[in-house]
Amino acid sequence: MARRSGRTGTVTIGRARPRKALVAAAALAVAAPLTLAVPGSAGATGVVWASAARPIVFARYDTATPVEDLYTISPAGGPTVALTHTPGVSDVMPSWSPDGKRIAFLRHSLDGTVDGIWTMKSAGGDLKPVPGTGGASDPAWSPDGKRIAYSRPVGTQREIYVADVDGTPATRLTSTTTADEFHPTWSPDGAYLAFSRADASGYSRLMRIRLATLTQTPITGAASQDWSPDWSRGNRIVFSRVDSTGFAHLHVVRPDGTGAIRITSARANDKSPSWSPDGRRLVFTRGGTDDADPEHLFLVRADGTAPTQLTKTGSHDLEADWRP
């Protein structure tokens, strides 16, 4: 399977994915509930913005434009700021460096002449390709700022790699001949990665790999539809799951797989969540079931309360990443 565009649904992987969600065949058994405390006092809107000064980067397109560009927006709202705009080239899947000075992202052109991971300054400009990342997707900057993890094709499958920011040495971490692996996310100490493993039967589960030994451990059940994990500094993993409602909702789980809880329940598809730096909020994309429906960025507390719509245009706003 390929995963080459930011126009990404929750279930089907491809350059132009249908957005209609499939129903999960089974739910994850929960051993113990995970308590999500949200400290602090609310203002007039009922929302506490401990990370209000840290911008959110995301990819945007609309039905009249065949390419995607990167933008930033304040979590407090207001105007968006365009970071990229190159005719015939899509820029998607942004990931902040831990110091907030640069952004890694996937760049690919409609004619296929440009394809790979690039980095740029946080305000745009100074674009640099990461060598050896042709066909890659899902860049994720390491907590120490020295490496980037990503998904890359190997034959007919996709595997997880990690490389220095200059592209060398590229180290293959997984070798799964019957599944595709996407969307790596780093543990706070940089010792582990979590990622999505999609098998040929259409299921996707979350896995954890220890970089020192390459030992892999399942986080969620095999008969799941679990995508786009993001690991918080507080050692929790948020992800999107297609559940028995047929919609994708946000869930939070401990890295050992215990204490999973659902935190959103709207009749819409919630996907691509990203933690705020303090772990008290999440930004995510909420949208309908096909490309005719706009998709907007929403904010929500870590316990699922106080959802707030952040972007309100008729565009598709995707793959947000909150600046560390």
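Located above this text is the structure these notes cover.
Residues numbered from 1 in each chain as written. Predicted model: local features only at pLDDT ≥ 70, side-chain atom pairs only at ≥ 80, totals over all residues. Heavy atoms only, no water.

Peer 1: So what exactly am I meant to see when it comes to the overall build of the chain here?
Peer 2: When you go through the chain residue by residue, the secondary structure sums to zero helices and 24 strands. Taking as baseline every contact in the chain between residues at least 6 positions apart, the subset at least 24 positions apart corresponds to 42%. Carbon and sulfur atoms make up 54% of the accessible area of the chain, which amounts to about 12,600 Å² in all. (Helix = DSSP H or I, 4+ residues; strand = E, 2+ residues; numbered from the N terminus. Contact = heavy atoms within 4.5 Å. Areas by Shrake-Rupley, 256 points an atom, 1.4 Å probe, with all protein chains shown as cover.)

Peer 1: How should I be thinking about the pattern of salt bridges in this particular structure?
Peer 2: A side chain of one charge can pair with a side chain of the opposite charge when the charged atoms of the two come close. Evaluation of the coordinates by the stated rule reveals ten salt bridges. Its salt-bridge partner being aspartate 226, residue arginine 241 comes within 2.7 Å of it at the nearest N-O pair. Taken together, the residues span a long stretch of sequence, with arginine 241 in strand β17 (residues 237–242) and aspartate 226 in strand β16 (residues 226–231) at a distance of 15 residues. The residues arginine 241 and aspartate 226 share a single accessibility class, namely buried. (Salt bridge = Lys/Arg side-chain N within 4 Å of Asp/Glu carboxyl O. Buried < 20%, exposed > 50% of the residue type's maximum accessible area, 1.4 Å probe, protein only.)

Peer 1: Sorry, what's going on with the packing of aromatic side chains here?
Peer 2: Geometrically, a pair of aromatic rings is defined through the distance of the ring centres and the angle of the planes. Using the criterion set out here, one finds three aromatic pairs in the structure. Consider the rings of phenylalanine 58 and tyrosine 71, whose centres lie 6.0 Å apart with planes at 25°: the pair is stacked. With phenylalanine 58 in strand β1 (residues 56–61) and tyrosine 71 in strand β2 (residues 69–73), the pair connects residues that are 13 residues apart, well separated along the chain. Since its relative accessible area comes to 18%, tyrosine 71 is described here as buried. One cation-aromatic arrangement involves arginine 286 over phenylalanine 298; the distance from NZ or CZ to the ring centre is 4.9 Å. Taking the ring centre of tryptophan 96 as reference, the NZ or CZ of arginine 323 above it sits at 5.8 Å. (Phe/Tyr/Trp six-rings, centres within 6.5 Å; stacked < 30°, edge-to-face > 60°. Lys NZ or Arg CZ within 6 Å of the ring centre and 35° of its normal.)

Peer 1: What exactly am I supposed to notice about the sheet that holds strand β12 (residues 179–186) here?
Peer 2: Hydrogen bonds between backbone atoms are what pair the strands of a sheet, whose relative direction is either parallel or antiparallel. With antiparallel pairing, four strands are arranged side by side in an open sheet as β12-β13-β14-β15. The open sheet has two edge strands with one neighbour each: β12 and β15 (216–218). Across the sheet, the axes of successive neighbouring strands diverge by a mean angle of 30°, strand direction being ignored. (Pairing = 2+ DSSP bridges. Axes fitted to C-alpha atoms, helices over the stretch in contact; angles between N-to-C directions.)

Peer 1: Quick question: what am I supposed to make of the sheet that holds strand β4 (residues 89–96) here?
Peer 2: Spatially, the four strands line up as an open sheet ordered β4-β5-β6-β7, and their pairing is antiparallel. The strands lining the two open edges of the sheet, one partner per strand, are β4 and β7 (128–129). As defined by bridge partners, strand β6 (residues 115–121) adjoins β7 across two bridges and the pair is classed as antiparallel. Considered in β7, the bridge of tryptophan 118 is made with proline 129.

Peer 1: I would appreciate a short explanation of the side chain of serine 109 in the present structure.
Peer 2: Along the chain, serine 109 turns up in strand β5 (residues 102–109). In terms of polar contacts, serine 109 uses its side chain to reach the side chain of aspartate 111, at 2.7 Å. Contact partners of serine 109, with chain neighbours within four places excluded, come to Gly88, Val89 and Val114. (Polar contact = N/O pair within 3.5 Å; in protein donor to acceptor, adjacent residues only side chain to side chain.)

Peer 1: Would you mind showing me how to read the nonpolar core here?
Peer 2: Most often, soluble globular proteins keep nonpolar side chains buried together rather than apart. If you look at the biggest cluster of nonpolar residues, it comprises twelve residues: Val57, Ala59, Leu70, Leu83, Val92, Met93, Trp96, Ile103, Phe105, Leu106, Trp118 and Met120. Sorting the residues of this core by element identifies β1, β4, β5 and β6 as the ones contributing at least two each. Grouped together as the second largest cluster of nonpolar side chains are eleven residues, Val162, Leu173, Phe195 and Met207 included. (Core = buried A, V, L, I, M, F, W, Y, C linked by side-chain atoms within 4.5 Å.)

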